[in-house]
Amino acid sequence: MPSPHAPLPEAAAPAGRRRLTPQVRMAQILDAALAEFSERGYAATTMDDIARRSGLSKGGLYAHFASKDAIFEAMLHRALAPPEWQESPAPPVHADTRTFARWLVDRLYAGLLHRPDAVVTLRLLAAERGRVKELLDLWERNVVLPNVAMLGDLLRAHVAHHGLPDGVLVREPWLVVSLVTHVLLTQMILGREPAVGLEHMRESHVALMCELLDPRARLAQAK
């Protein structure tokens, strides 16, 4: 989903100074903002603080972001946005259920658990949720819910193709994300992965999805 805060063109860099791409510069700004918000708190952090830590003038910072709220919203998109399910490669909705489930789980883990700033951002949200409630509501409405809806579309396409029953995952696609949320919360609260280990969680996640999407296969194996 494109961000409503697309960067403006940078002014020409002084001679002898390497000009960074907008993507690299914005990543530096978001890193600096996350550090400042974590140290000072959202309310106490100013655009001057973020500019100073990111090595920019205040004008240079405003060339990329119009406000502190815009920076915070971009941080949420970077650290906690669900996968874009329709990105290449195409979702294997016609593959067997285990292949399909593993594809979904791998996308979730890569998108949410392999981002180094995800847990730090969650801690910040826990501390600042009362001050940034409108931004969180906007993020949920414009990012989280549409992605969960797309996940539901993929699940429906898979079960329809294979003639599977319309089970709880199809009716409640947010359940697919619940185990990943458990891992994130464990990392945020305890500062470590779940005791069973991340790889075990991943395999259990795939197995759970297979049993819920295709219960007939599990019952056939039990006979």
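Our structure's up above, just so we're on the same page.
Quick caveat, the model's predicted, so the values are computed rather than measured.

Undergrad: Is there a simple way to explain the overall build of the protein chain in this structure?
TA: Looking only at helices and strands, one finds 11 helices and zero strands in the protein chain. Starting at the N terminus and walking to the C terminus, you meet the elements of the protein chain as α-α-α-α-α-α-α-α-α-α-α. Expressed as a percentage of its 223 residues, the buried residues of the protein chain come to 43%. Relative to all contacts within the protein chain whose residues are 6 or more apart in sequence, the contacts with residues 24 or more apart total 70%. As presented, the protein chain carries roughly 11900 Å² of accessible surface, and 58% of it is formed by carbon and sulfur atoms.

Undergrad: Any chance you could explain the packing of helix H4 (residues 68–80) against helix H7 (residues 133–162) here in plain terms?
TA: In a pair of packed helices, the angle between the axes and the distance between the axes together describe the arrangement. In the contact formed by H4 and H7, the axes pass within 10 Å of each other and the chain directions differ by 45°. The angle between H4 and H7 falls in the class oblique. The two elements H4 and H7 meet at a crossing, and its hand is right-handed. Residue-level contacts link Asp69, Phe72, Glu73, Leu76, His77 and Leu80 of H4 to Leu135, Leu136, Leu138, Trp139 and Val143 of H7. A breakdown of the residues in the contact of H4 with H7 according to their chemical character gives eight nonpolar, one polar and two charged.

Undergrad: Explanation requested: the pattern of salt bridges in the structure shown.
TA: Once their charged atoms are close, side chains differing in charge can pair, the charge on each being opposite to the other. In total, this model carries 14 salt bridges according to the counting rule given. Between Arg40 and Asp49 there is a salt bridge, with its nearest N and O atoms 3.7 Å apart. For Asp49, a relative accessible area of 7% gives the class buried. Taken together, the salt bridges that share partners define one network made up of Glu36, Glu39, Arg40, Asp49, Arg52 and Arg53.

Undergrad: Could you clarify how one ought to interpret the nonpolar core in this entry?
TA: Counting residues in each nonpolar core, the largest one holds 64 residues, and the members touching the most others are Phe37, Ile71, Phe72, Leu104, Leu155 and Met209. In this structure, Ile71 is in contact with Ile29, Leu30, Ala33, Phe37, Met47, Ile50, Leu61 and Phe65, ignoring residues within four places of it in sequence.

Undergrad: Is there a simple way to explain the side chain of Ser54 in this structure?
TA: Position of Ser54 relative to the elements: it lies in helix H2 (residues 47–54). Polar contacts involving the side chain of Ser54 include one to the main-chain carbonyl oxygen of Ala51, which spans 3.2 Å. Ignoring sequence-local partners within four residues, the contact set of Ser54 consists of Arg25, Gln28, Ile29 and Ala32.

Undergrad: Honestly, the packing of helix H5 (residues 97–113) against helix H10 (residues 198–213) in this entry has me stumped. Any pointers?
TA: Taken N-terminus to C-terminus, the directions of H5 and H10 make an angle of 135°; their axes are 9 Å apart at the nearest point. Here H10 runs oblique to H5, going by the angle between their axes. The crossing of H5 and H10 is right-handed. Seen from H5, the contacting residues are Thr97, Arg98, Phe100, Ala101, Arg102, Leu104, Val105, Asp106, Leu108, Tyr109 and Leu113; seen from H10, they are Leu198, Met201, Arg202, Glu203, His205, Val206, Ala207, Met209, Cys210 and Leu213. Considered class by class, the residues forming the contact of H5 with H10 number 14 nonpolar, two polar and five charged.

Undergrad: Would you take a moment to explain the environment of Gln187 for this structure?
TA: Within the secondary structure, Gln187 is located in helix H9 (residues 178–190). Taking the relative accessible area as the measure of exposure, Gln187 reaches 16% and is therefore buried. Between the alpha carbons of Gln187 and Val119 there is a distance of 6.8 Å; along the sequence they are 68 residues apart. Apart from residues no more than four positions distant in its own chain, Gln187 is found in contact with Leu113, Val119, Arg123, Arg192 and Glu193.

Undergrad: Which parts of the structure should I look at to understand H2?
TA: Every α-helix winds through 3.6 residues per turn, so residues three or four apart in the chain are directed the same way. Three or more residues of H2 are buried, namely Met47, Asp49, Ile50, Ala51 and Ser54. Tucked inside the fold, the buried residues of H2 contact helix H1 (22–40), helix H3 (58–62) and H4. Immediately beyond the C-terminal end of H2, within one or two residues, lies Gly55, with a positive phi of roughly 75°.

Undergrad: Hey, could you run me through the packing of aromatic side chains in this one?
TA: Working definition: an aromatic ring pair is given by the centre-to-centre distance plus the angle between the planes. Tallied over the entire structure, the rule returns three aromatic pairs. Considering the side-chain rings of Phe37 and Tyr42, the 5.1 Å spacing of their centres and the 50° angle between planes classify their relative orientation as tilted. The exposure classification of Phe37 matches that of Tyr42, with both residues buried. Between Tyr42 and Phe72, the aromatic rings sit 5.1 Å apart at their centres with planes inclined by 80°, giving edge-to-face as the arrangement. Residue Tyr42 is located in the loop between H1 and H2, and its partner Phe72 is located in helix H4; the two are separated by 30 residues in the primary sequence.

Conventions and cut-offs
Residues numbered from 1 in each chain as written. Predicted model: local features only at pLDDT ≥ 70, side-chain atom pairs only at ≥ 80, totals over all residues. Heavy atoms only, no water. Helix = DSSP H or I, 4+ residues; strand = E, 2+ residues; numbered from the N terminus. Buried < 20%, exposed > 50% of the residue type's maximum accessible area, 1.4 Å probe, protein only. Contact = heavy atoms within 4.5 Å. Areas by Shrake-Rupley, 256 points an atom, 1.4 Å probe, with all protein chains shown as cover. Axes fitted to C-alpha atoms, helices over the stretch in contact; angles between N-to-C directions. Parallel < 35°, antiparallel > 145°, perpendicular 65-115°, else oblique. Left-handed = near helix turned anticlockwise from the far one by under 90°. Nonpolar A, V, L, I, M, F, W, Y, C, P; charged D, E, K, R; others polar. Salt bridge = Lys/Arg side-chain N within 4 Å of Asp/Glu carboxyl O. Core = buried A, V, L, I, M, F, W, Y, C linked by side-chain atoms within 4.5 Å. Polar contact = N/O pair within 3.5 Å; in protein donor to acceptor, adjacent residues only side chain to side chain. Phe/Tyr/Trp six-rings, centres within 6.5 Å; stacked < 30°, edge-to-face > 60°.

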